[in-house]
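One-letter residues, chain by chain:
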Amino acid sequence: MINELYQEIILDHSKRPRNYGRLEDANRQAEGYNPLCGDRCTLFLKERDGRIDEIRFEGSGCAISTSSASLMTEALKGKTVTEAENLLTRFLDLVTKDQTAAENLGKLAVFAGVREFPARVKCATLAWHTLRAALRGRKEAMSTE
Ligand code: ZN
(Lines give C-alpha, C1' and ligand atoms only; values in the text may rest on other atoms or scores of the structure.)
Protein backbone atom coordinates (compact mmCIF):
# COMPACT_ATOMS: atom_id res chain seq x y z
CA MET A 1 0.00 0.00 0.00
CA ILE A 2 2.66 2.48 0.98
CA ASN A 3 6.42 2.32 1.11
CA GLU A 4 8.31 1.30 4.21
CA LEU A 5 9.40 4.74 5.35
CA TYR A 6 5.84 6.02 5.13
CA GLN A 7 4.57 2.97 6.97
CA GLU A 8 7.13 3.57 9.72
CA ILE A 9 6.03 7.19 10.25
CA ILE A 10 2.36 6.19 10.36
CA LEU A 11 3.04 3.37 12.83
CA ASP A 12 5.19 5.60 15.02
CA HIS A 13 2.51 8.30 15.24
CA SER A 14 -0.31 5.83 15.81
CA LYS A 15 1.56 4.17 18.68
CA ARG A 16 2.85 7.40 20.22
CA PRO A 17 0.48 10.15 19.12
CA ARG A 18 1.89 13.67 19.58
CA ASN A 19 -0.14 16.43 21.22
CA TYR A 20 -2.58 13.91 22.64
CA GLY A 21 -4.96 14.92 25.43
CA ARG A 22 -7.44 17.61 26.39
CA LEU A 23 -6.62 21.29 26.24
CA GLU A 24 -8.44 22.86 29.17
CA ASP A 25 -8.20 26.46 27.97
CA ALA A 26 -9.10 25.73 24.35
CA ASN A 27 -11.21 28.42 22.68
CA ARG A 28 -12.11 26.29 19.69
CA GLN A 29 -13.20 22.71 19.77
CA ALA A 30 -14.87 20.22 17.47
CA GLU A 31 -15.71 16.56 17.34
CA GLY A 32 -15.45 14.29 14.34
CA TYR A 33 -16.71 10.79 13.69
CA ASN A 34 -16.09 8.40 10.84
CA PRO A 35 -18.85 5.77 11.08
CA LEU A 36 -17.34 3.70 8.27
CA CYS A 37 -14.36 2.73 10.43
CA GLY A 38 -15.47 3.85 13.90
CA ASP A 39 -12.79 6.56 14.21
CA ARG A 40 -13.44 9.39 16.64
CA CYS A 41 -11.51 12.62 17.01
CA THR A 42 -11.98 15.59 19.34
CA LEU A 43 -9.84 18.56 18.50
CA PHE A 44 -8.87 21.35 20.91
CA LEU A 45 -7.38 24.62 19.71
CA LYS A 46 -6.12 27.69 21.46
CA GLU A 47 -6.22 30.43 18.87
CA ARG A 48 -4.93 33.91 19.61
CA ASP A 49 -4.73 36.83 17.17
CA GLY A 50 -5.28 34.51 14.22
CA ARG A 51 -2.55 32.09 15.25
CA ILE A 52 -2.82 28.54 16.59
CA ASP A 53 -0.89 28.70 19.87
CA GLU A 54 -1.80 25.23 21.05
CA ILE A 55 -3.50 22.26 19.48
CA ARG A 56 -4.32 18.86 20.91
CA PHE A 57 -6.59 15.96 20.13
CA GLU A 58 -8.26 13.03 21.77
CA GLY A 59 -9.90 10.07 20.18
CA SER A 60 -9.78 6.47 19.24
CA GLY A 61 -9.54 4.86 15.89
CA CYS A 62 -7.37 3.01 13.43
CA ALA A 63 -3.67 3.66 12.82
CA ILE A 64 -4.38 5.90 9.83
CA SER A 65 -6.80 8.21 11.65
CA THR A 66 -4.68 8.47 14.80
CA SER A 67 -1.43 9.11 12.96
CA SER A 68 -3.12 11.63 10.68
CA ALA A 69 -4.41 13.59 13.69
CA SER A 70 -0.99 13.39 15.35
CA LEU A 71 0.90 14.59 12.28
CA MET A 72 -1.70 17.29 11.68
CA THR A 73 -1.31 18.77 15.17
CA GLU A 74 2.48 18.71 14.74
CA ALA A 75 2.19 20.58 11.44
CA LEU A 76 -0.29 23.19 12.69
CA LYS A 77 1.17 24.32 15.99
CA GLY A 78 2.27 27.95 15.67
CA LYS A 79 0.69 28.37 12.22
CA THR A 80 -1.77 31.13 11.40
CA VAL A 81 -5.40 30.21 10.72
CA THR A 82 -4.86 31.15 7.06
CA GLU A 83 -1.84 28.84 6.81
CA ALA A 84 -3.85 26.08 8.48
CA GLU A 85 -6.64 26.48 5.93
CA ASN A 86 -4.15 26.35 3.07
CA LEU A 87 -2.62 23.19 4.51
CA LEU A 88 -6.09 21.69 4.88
CA THR A 89 -6.89 22.34 1.22
CA ARG A 90 -3.56 20.89 0.05
CA PHE A 91 -3.94 17.81 2.24
CA LEU A 92 -7.45 17.10 0.95
CA ASP A 93 -6.18 17.53 -2.62
CA LEU A 94 -3.32 15.13 -1.91
CA VAL A 95 -5.48 12.29 -0.61
CA THR A 96 -8.39 12.72 -3.02
CA LYS A 97 -7.05 13.73 -6.41
CA ASP A 98 -3.69 15.34 -6.82
CA GLN A 99 -0.38 13.70 -5.99
CA THR A 100 1.50 16.92 -6.79
CA ALA A 101 -0.06 18.57 -3.73
CA ALA A 102 2.59 16.68 -1.71
CA GLU A 103 4.95 19.57 -2.35
CA ASN A 104 5.57 21.53 0.88
CA LEU A 105 3.44 19.12 2.89
CA GLY A 106 6.47 17.61 4.61
CA LYS A 107 5.72 14.45 6.56
CA LEU A 108 2.03 14.77 5.73
CA ALA A 109 2.93 13.46 2.28
CA VAL A 110 3.00 9.96 3.81
CA PHE A 111 -0.78 9.83 3.28
CA ALA A 112 -0.56 10.15 -0.51
CA GLY A 113 -1.00 6.37 -0.80
CA VAL A 114 -4.48 6.33 0.72
CA ARG A 115 -5.82 7.96 -2.44
CA GLU A 116 -6.15 4.46 -3.89
CA PHE A 117 -8.38 3.37 -1.01
CA PRO A 118 -11.56 5.47 -0.66
CA ALA A 119 -12.49 3.94 2.72
CA ARG A 120 -9.07 4.90 4.10
CA VAL A 121 -9.39 8.43 2.76
CA LYS A 122 -12.12 9.00 5.35
CA CYS A 123 -9.74 7.81 8.08
CA ALA A 124 -6.93 10.09 6.89
CA THR A 125 -9.14 13.16 6.52
CA LEU A 126 -11.22 12.84 9.72
CA ALA A 127 -8.91 15.06 11.80
CA TRP A 128 -8.77 17.63 8.97
CA HIS A 129 -12.55 17.82 8.58
CA THR A 130 -12.72 18.23 12.35
CA LEU A 131 -10.16 21.03 12.07
CA ARG A 132 -12.34 22.79 9.53
CA ALA A 133 -15.32 22.55 11.90
CA ALA A 134 -13.19 23.91 14.76
CA LEU A 135 -11.86 26.83 12.70
CA ARG A 136 -15.34 27.72 11.54
CA GLY A 137 -16.57 27.56 15.10
CA ARG A 138 -19.27 25.07 14.35
CA LYS A 139 -20.67 23.55 17.51
CA GLU A 140 -22.38 20.48 16.09
CA ALA A 141 -20.57 17.20 15.72
CA MET A 142 -18.96 16.52 12.36
CA SER A 143 -19.41 13.24 10.51
CA THR A 144 -17.60 12.10 7.39
CA GLU A 145 -20.88 10.62 6.12
ZN1 ZN B 1 -10.09 4.41 10.33
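Above this text is the structure in question.
### Comments concerning the environment of Thr66
Turning to step 1, where the next piece is worked out: Note on placement: Thr66 falls in helix 2 (residues 63–76).
Turning to step 2, where the next piece is worked out: Here the alpha-carbon distance between Thr66 and Leu126, two residues 60 residues apart in the chain, equals 9.4 Å.
Turning to step 3, where the next piece is worked out: Once residues lying within four places of it in the same chain are set aside, the contact partners of Thr66 are His13, Ser14, Pro17, Phe57 and Gly61.

### Considering the pattern of salt bridges
Turning to step 1, where the next piece is worked out: For the structure shown, the criterion picks out 11 salt bridges.
Turning to step 2, where the next piece is worked out: Here Arg18 and Glu74 are joined by a salt bridge, their closest N and O atoms 4.0 Å apart. Of this pair, Arg18 sits in the loop between helix 1 (4–15) and strand 1 (28–34) while Glu74 sits in helix 2, and the two are 56 residues apart along the sequence.
Turning to step 3, where the next piece is worked out: Taking relative accessible area as the criterion, Glu74 reaches 35% and is therefore assigned partly exposed.
Turning to step 4, where the next piece is worked out: With a closest N to O distance of 3.6 Å, Lys97 and Asp93 form a salt bridge.
Turning to step 5, where the next piece is worked out: Classification of Lys97 as exposed rests on a relative accessible area of 58%.

### Brief notes about the packing of aromatic side chains
Turning to step 1, where the next piece is worked out: Within the structure shown, the criterion is met by three aromatic pairs.
Turning to step 2, where the next piece is worked out: Taken together, a centroid distance of 5.8 Å and an interplanar angle of 70 degrees make the contact between Phe91 and Phe111 edge-to-face. Of this pair, Phe91 sits in helix 3 (residues 81–96) while Phe111 sits in the loop between helix 3 and helix 4 (118–135); the two residues are 20 residues apart in sequence, bridging distant segments of the chain. Just as Phe91 is buried, Phe111 falls in that class too.
Turning to step 3, where the next piece is worked out: Each ring, one from Phe91 and one from Trp128, has its centre 4.6 Å from the other, and the planes form 15 degrees; the classification is stacked. You can see Phe91 sitting in helix 3 and its partner Trp128 sitting in helix 4, a full 37 residues away along the chain. You'll find Phe91 and Trp128 in the same group, each marked buried.
Turning to step 4, where the next piece is worked out: One aromatic cluster is present, built from ring pairs that chain together Phe91, Phe111 and Trp128.
Turning to step 5, where the next piece is worked out: One cation-aromatic arrangement involves Arg40 over Tyr33; the distance from NZ or CZ to the ring centre is 4.1 Å.

### Notes on the pairing of strand 1
Regular strands have side chains that alternate between both faces of the sheet.
Turning to step 1, where the next piece is worked out: When strand 1 meets strand 2 (residues 39–48), the two strands line up antiparallel, connected through seven bridges. Looking at strand 2, one finds that Arg28 is bridged to Leu45.
Turning to step 2, where the next piece is worked out: Taking the residues that link successive antiparallel strands as the turn, the strand 1-strand 2 hairpin has four residues, and the phi of Gly38 there is positive, at about 90 degrees.

### Topic: unusual backbone geometry
Turning to step 1, where the next piece is worked out: Of note in this structure, Asn19 is not a glycine but carries a positive phi near 55 degrees.
Turning to step 2, where the next piece is worked out: With respect to the secondary-structure elements, Asn19 resides in the loop between helix 1 and strand 1.

### Comments concerning the coordination of the zinc ion
Turning to step 1, where the next piece is worked out: The zinc ion binds to the protein through Cys37 (SG), Asp39 (OD), Asp39 (OD), Cys62 (SG) and Cys123 (SG), with metal-donor distances spanning 2.2 to 2.7 Å.
Turning to step 2, where the next piece is worked out: Of note, the donors binding the zinc ion are all from one chain and are spaced C-x1-D-x22-C-x60-C. Within this pair, whereas Asp39 is found in strand 2, its partner Cys123 is found in helix 4, the two being separated by 84 residues in sequence. For the pair Asp39 and Cys123, a shared accessibility class is recorded, and that class is buried.

Analysis parameters
- Residues numbered from 1 in each chain as written.
- Predicted model: local features only at pLDDT ≥ 70, side-chain atom pairs only at ≥ 80, totals over all residues.
- Heavy atoms only, no water.
- Helix = DSSP H or I, 4+ residues; strand = E, 2+ residues; numbered from the N terminus.
- Contact = heavy atoms within 4.5 Å.
- Salt bridge = Lys/Arg side-chain N within 4 Å of Asp/Glu carboxyl O.
- Buried < 20%, exposed > 50% of the residue type's maximum accessible area, 1.4 Å probe, protein only.
- Phe/Tyr/Trp six-rings, centres within 6.5 Å; stacked < 30°, edge-to-face > 60°.
- Lys NZ or Arg CZ within 6 Å of the ring centre and 35° of its normal.
- Pairing = 2+ DSSP bridges.
- Donors = N, O, S within 2.8 Å, 3.2 Å for Na, K, Ca; no water.

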